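The primary structure of each chain is shown beneath.
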Amino acid sequence: MKSEIICVGTEILFGDIVNTNSQYISKNLNELGISVLYHTVTGDNPTRLKEAFRQAFERSDIIISTGGLGPTQDDLTKETAAELMGVELEENKEWMDKLGEMFGNHMTPNNIKQAYIPKGAMMLYNNNGTAPGVIIENKEKTKAIVLLPGPPGEMTPMFDEKVLPYLMKKTGKSFFSRYYM
């Protein structure tokens, strides 16, 4: 199985933060025997992101993306992935209720947009933030885009608890390696 990692965030390109997500994800994918072919970093630009997703989807089975799921206006990863996959966004009542508990009467339209996920996608519950993750499979279930939040404190537990079990079912195996010195 072939994979690609796409990290979204202008702050990564500006050098304001270090991209530790790619390293973490790559290590875990390799342990499952999933080949990582490319790492891509793109800013919060839907045109460039859509092109990165399109290229990755042509050459890989699994795309794992981090970042761009937050409440700000430039967080458009979910919308871009849904457009690429040809599906609409729909409200996830469970997550809308969770956001209501978190924000009460202070929920803004930007917070509300986080409760919308691509139709038919699997929502990945976020125990550490306001943005759920998402897995969108193609109709044949041979390819998938996994969308994860960018902050490592949200991404890492979601990857470990939700994405790894999903990928283990897909591959049916794990691969262990050791370095000897």
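The rules behind each value
Residues numbered from 1 in each chain as written. Predicted model: local features only at pLDDT ≥ 70, side-chain atom pairs only at ≥ 80, totals over all residues. Heavy atoms only, no water. Buried < 20%, exposed > 50% of the residue type's maximum accessible area, 1.4 Å probe, protein only. Helix = DSSP H or I, 4+ residues; strand = E, 2+ residues; numbered from the N terminus. Pairing = 2+ DSSP bridges.

Considering the pairing of strand β8 (residues 144–148)
Line of reasoning, step 1. Along β8, five of the five residues are buried, which leaves the element largely enclosed by surrounding structure.
Line of reasoning, step 2. Every second residue of β8 is oriented toward a common face, with A144, V146 and L148 on one face and I145 and L147 on the other, all of them buried.
Line of reasoning, step 3. Inspection of the sheet shows strand β3 (residues 62–66) paired to β8 by five bridges, in the parallel sense. By the bridge assignment, I62 is partnered in β8 with A144.
Line of reasoning, step 4. Both strand β7 (residues 133–137) and β8 contribute to a ladder of four bridges, which runs antiparallel. Bridge pairing links I136 to I145 in β8.
Line of reasoning, step 5. Linking β7 to β8, which pair antiparallel, is a turn of six residues; within it K141 sits at a positive phi near 60°.

Everything listed is a geometric property; what it means functionally is a separate question.
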